[in-house]
Each structure stands twice: as structure tokens, then as C-alpha cells.
Amino acid sequence: MAVKFEKLSESKYFLDVRGYVCPHPQMYTKKAMEKMPPEACLEVVLDNPSSCESIFDLCKIEGYKIVEYNEEGGVFRFLICRG
Amino acid sequence: MKEMVFKRASSKYRVYAWLIIASGFLLSLIAMLYDIRFSYMVAYFWAGIVYGLFLQYGHFCMASATRDLFAIGTTRVAVGILIAITLYGFTSLIDRLIGIAPFHANPIGVHTLIGGFIFGVGISFAGGCSSGSLYKSGEGNIAAMIVVTSVAVAQALFVSTLKFPFVPYLVPESWMKAAEQQTNMGIPKEFVSSWYDYFLAGYAWNLKGLSGADLIPSDNIFLREFIGNFLLGVIVPTLFFLMITYIFFFRKRYIRNVKSFQSVFTDIKGLLNMIVDSKRTALAGLGLGVASGLHMWVLGILRERLGIDNFGELLQQMGFTSGLTIQGTAFDPGYWYITTQEAQWMAWTIEKIFRVDLYHNIFFGVENGILNPLINAADLMIIGIILGAAFMALYRGEFKWRKPTGEQVIFALMGGTLMGIGARLALGCNIGALFVPAANGDYSGWLFFIAMGAGAFSGVKITTWWINRRVQKEFEF
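These lines cover the structure that appears in this document, whether it is placed above or below. (Residues numbered from 1 in each chain as written. Chains lettered and ligands numbered in written order. Predicted model: local features only at pLDDT ≥ 70, side-chain atom pairs only at ≥ 80, totals over all residues. Heavy atoms only, no water.)

Residues in a regular strand point their side chains to alternate faces of the sheet. Residues and elements named next belong to chain A. For strand β5 (residues 75-81), the tally of buried residues reaches six of seven residues, placing the bulk of the element in the interior. The pairing of strand β4 (residues 65-72) with β5 spans seven bridges and is classified as antiparallel. Within β5, the position partnered with Glu71 by the bridge is Phe76. The hairpin turn running from β4 into β5, its antiparallel successor, is two residues long, and Gly73 in that turn takes a positive phi close to 55 degrees. (Buried < 20%, exposed > 50% of the residue type's maximum accessible area, 1.4 Å probe, protein only. Helix = DSSP H or I, 4+ residues; strand = E, 2+ residues; numbered from the N terminus. Pairing = 2+ DSSP bridges.)

In C-alpha cells, the structure reads:
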């Protein structure tokens, strides 16, 4: 399964990096957040636990807001907004 | 901002988790009741379990520490590792002061830099260091298992088979002469034929180590150990790297958050803030540091009680002689180590499957042996790390069989191969050539740390280039 990136609407994007280990999930998330328009939000799905902590760190450093975070059966979902 | 929380898994997974520990306990008990001398192997196994627990708990990986520092600016794991080194430095200081620590400084030289750099590039590609890949294997991550296997294959073949016609051109005359002297002093000639044999006998064996104690012009054991190895060899370099991490990666962000810079106390507060930024990683560092010292202490006591200097003697007493070195010894570091025993189990497997000889070389035949992994104490530590991590991952609901993408398989194979070659050139990985020596005041560990960091930086640049390329091609904004 390759990395999947979709524009769901003008203000919402979707990134699926399941099957990827460090550093790919956090780096794809970083790239997507940098390129998205301001005020847009990104839903990220991943299954590498240690990347989650890096994504938390990334958001803290860059000032992104984690609106939602949940885990089910070893799959992690984030909803991160730039604004 | 949401916070990452410690989650307990469903009761089914928690039952699996406790089954792992119960099975390990039962097997250890049966082995020791059968023959108390198995306690030596059991000690290595349980040390591995404890390392695995803490590694998974703190998501403790030296690849994250170096790579995420450059890629994202995360200081969390780098700080956790420095805490672990300091704690282990303190516990091993006690071990050495009471005279039961088996540690000796590694040879230091240009090989440390080259090997550390290649290893650093490798961990960036692989997505985990040697210990990190083991704990991730315990989480059910198949890419990490491919990394561990690649590290083992690369090492087993690198040390034994590099005998192609071009090899003499890569062996300096001085190495040839020095290796010849070794054969005159008793090493059979048939064990010196690969490039790695000349590297060891002609180069590495002639190098000296450099520890903090070497800077102390006194024979007083307390001064040498406390001032030399601990303060000059552990604390000073740790503070140096903490300051570098703070100044280049944390300070700007901290000053921005506190709104104004008032005095030097702002920086002191900032430094402390960086240290406690992630309690969980810091706690894992603390656990690993204490466990590493206890591991050395327990093995030291067992060696005394069993009347041995090396595990090979014990195996001979117990009637296992197959795969020992020509001196009758076996790889038995007495502390946390990873890559050498991985090379051993792979060499044993390759010999059994392909019926080839990987024994007649210095690395296996003279230094470490090729033991059956089930009676190899150091290999039992590897199994322990994977099982300990599996316990913690199952208990926290982080266990999942994770199938890698084709791209991840290629990264894992490339990274694992570079890690294996780098580890052999540097005479160890992020544990044997970094964590253990750095915590024992051996400067080769800190040199490896710098080289690994430089390698990880280069690896991040290549990985970023690859990701940018894919983002430009496949992401539509």
C-alpha cells in the first residue's frame, strides 16, 4: 500500500501512511502541513506508534492544533489544523 | 492540544502479554531446576526482557533521537538517551568501584568515525537503530524484523566472505605485516584470509582505548573512576551534548513561548524544561540506565559464583562444545550488547541451511564463536528484548502485525545492510559502540555518537529528498 494523499474539500485533506515506519509518517505529515493552505485541516492515519509522538512534537513546535486524536486496534488517527 | 495518553489494551491482549511473561518465567525455572548453571543464560534473557519493556515504554530509539532532531526539531528522545547514559554511568561507576564490572575501553580510531557514519545513514533509512528495531519487532512491525535480519546477514557475510580478488588492494601493507605477526604468535593462518581479518588483526587490535581515567595522573581507583571515568568521561560530555541540543534545537522555541528573555536563569529553566519535556522518555531512560548497571552487577556476581571468566568455560563444563572459538571461549560481553550475537545467529543459520563454512575467520573462529542461538546467552538477551517489548506493546494496545509497503522493504534492506557494515567497522552498534562505552567514560562512545549523528543528518537529507520528490509528484494541493 503506497502513501495516499487526498483533498477532501477546500479546507480538509487526508493522509494515509499506514505501513510506513519512522521517519516517513512524521515527515509526510510535516510536508503536507507546510503545503496546505492556512486554516486547512489534515486527517492523518498511521500505524507506527513512535511516529505519533513525533507528530505531537511537530505540532507543539510548529504551533499546529491537534483537534482529534484516537487509537483503535493499533491504528492512529489525527485531525490537525494549521490555524 | 490533545495529549498522548497511556492506554490499556483489551483484556484479551493483556492475557497474551502476561502469557509471555509467565512462559518466560516457567522456562527459566525449569532450566535452572534442571541445572543451576543455566542461571547465567537466564540472567541475560531477563536483562533482555527488562530492556525490551523500557525501550517500548519510552519508544526509545537512537534513530529517532538523531534523525527527528534534524528532520523535525524534536529533542525528546535525544534528551532521554543522555539521561540513560548518565544513569548507567552512575550505576556502572558503583560496579567498577566494587570491582565487578567487566567493561574495557574500545579501540578508538578513524574506524569509529567511518563505521559510526555508515551506521547513522543506515538508521535513517531503516527507521530504527539496533535496539529500536528490536523493540519495534516486538510491536509486530515486519519492516523492523527485516531490518534486524538484514543487519545480521550483512554482518555475517561482511566479516567472513569478503575475499574477492580485489581485496588485497584494499589491505594496506602495514595491516598485512601486523596480521602476519599475529599468526606468528599463535593464530592459525587459515583464520586470516578475509578483508575483515586483516582489519582486525592488522589494524584494530593495535589501537588503544581512551577513557576519562586515562586523563588522571594517579593510580588512586576512586580518583580514576569518579573524577576520570564518571565526571570527565560521562558528565562533562553529557552536559556538552545537552547544551548543544538546547542551544540549537530548543532555546528559540522556549524563549518564544516564555515571551521574553530575562537572564541566564531563563536559560537554566529552559534547559530543565527540555529535560522534563517528556516524562515518559525520561523515565524510560532512567529505567534503562539502572537496568544496564544491574545487568553488569548480576553477571559479575554470577561469574564469581560459577568460577568462570567467560561463558565458553561454562558451556564446556555443561558439555556444549560445538561452535566455541579456538580458545574455547564464546561471545560474552557481560553487559548490554546487540549486533555481535545477531551476526552469530545468522552465521549459524546460514551454515546449517547452505552447508558453508563461516567459522574460519577471526571474528567468529577466534573472537566470538558460532553458537546454537538457543544456548547462546547473548542471543537469549535479543529474544528477551523482543518478548519484553511485545509484552509492553500488547499491554498498552500498541501491538499490531504491521505489513510494510514495498518501498519500506527496500528502505529496511538498505538501512539494515548499512547498519550491519557500519557496526562491524565501528566494532559495535548504538549500544556496544555508543551507549555502553559512553556511560563507562570511554571516549570512543562519544566519537561514535558524533559520527552517527553526522550519518543520520546525511540520511535525513537523502530521505527528505525522496519524500519531497514523492510529495511533488503525488500530492495535489
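Time to look at the nonpolar core. Residues and elements named next belong to chain B. Ranked by internal contacts, the top residues of the largest apolar core, which has 99 residues, are Tyr40, Ile85, Phe311, Trp336 and Phe435. Looking at this core, the element that brings in the most residues is helix α16 (residues 377-395), giving twelve residues. If we skip the residues at most four places from it in the chain, Tyr40 touches Leu299, Leu302, Arg303, Leu306, Ile308, Phe311, Leu314 and Asp332. (Core = buried A, V, L, I, M, F, W, Y, C linked by side-chain atoms within 4.5 Å. Contact = heavy atoms within 4.5 Å.)

All names here are of chain A. Judged by pairing direction, the sheet is mixed, and its five strands sit side by side in the order β1-β2-β3-β5-β4 without closing on themselves. If you trace the sheet from one side to the other, it starts and ends with β1 (4-9) and β4, each paired once. On average, adjacent strands in this sheet sit at an angle of 15 degrees to one another, irrespective of strand direction. Direction of pairing for strand β3 (residues 41-46) relative to β5: antiparallel, over a ladder of six bridges. (Axes fitted to C-alpha atoms, helices over the stretch in contact; angles between N-to-C directions.)

What follows is about the pattern of salt bridges. Applying the stated criterion across every chain yields a total of 19 salt bridges over all chains. In this structure, Glu53(A) engages Arg280(B) in a salt bridge whose closest nitrogen and oxygen atoms are separated by 2.1 Å. Residue Glu53(A) is located in helix α2 (residues 49-62), and its partner Arg280(B) is located in helix α12 (residues 279-306); the two belong to separate chains. With its nearest N and O atoms 3.0 Å apart, the salt bridge here joins Asp35(B) to Arg37(B). Taking relative accessible area as the criterion, Asp35(B) reaches 15% and is therefore assigned buried. Linked by salt bridges that have partners in common, Glu53(A), Asp57(A), Arg76(B) and Arg280(B) make up one network. (Salt bridge = Lys/Arg side-chain N within 4 Å of Asp/Glu carboxyl O.)

Moving on: the state of the cysteines. What the rule picks out here adds up to one disulfide over all chains. Disulfide pairing places Cys41(A) opposite Cys81(A) at an S-S distance of 1.9 Å. Linking Cys41(A) and Cys81(A), the disulfide has an S-S dihedral of approximately 105 degrees and is accordingly described as right-handed. Of this pair, Cys41(A) sits in strand β3 while Cys81(A) is found in strand β5, placing the two residues 40 residues apart along the sequence. The pair Cys41(A) / Cys81(A) is uniform in exposure class, with both members buried. Distance from the sulfur of Cys59(A), which forms no disulfide, to the nearest cysteine sulfur (Cys81(A)) is 9.9 Å. On the basis of relative accessibility, which here comes to 1%, the residue Cys59(A) falls in the buried class. Counting only cysteine sulfurs, Cys129(B) is the nearest neighbor of Cys429(B), a cysteine outside any disulfide, at a range of 7.7 Å. Judged by relative accessible area, Cys429(B) falls into the buried class, the value being 0%. (Disulfide = S-S within 2.5 Å.)

As a further point, take the interface of chain B and chain A. By a frequent convention, interface size equals the accessible area lost on bringing the separate parts together. Each partner contributes to the interface: chain B provides 47 residues, whereas chain A provides 45 residues. Here chain B and chain A share an interface that buries about 4,100 Å² over both sides, 60% of which is from carbon and sulfur atoms. If you look at where chain B meets chain A, you find four salt bridges. The tally of links between chain B and chain A comes to 14 residue pairs in polar contact (both at pLDDT 80 or more). Those elements that provide at least two residues to the side of chain B that touches chain A are α3 (62-71), α5 (110-126), α6 (130-138), α10 (221-258), α17 (406-425) and α19 (443-474) of chain B. Residue classes in the side of chain B that touches chain A are distributed as 14 nonpolar, 13 polar and 20 charged. (Buried area = accessible area lost by both parts, 1.4 Å probe. Polar contact = N/O pair within 3.5 Å; in protein donor to acceptor, adjacent residues only side chain to side chain. Nonpolar A, V, L, I, M, F, W, Y, C, P; charged D, E, K, R; others polar.)

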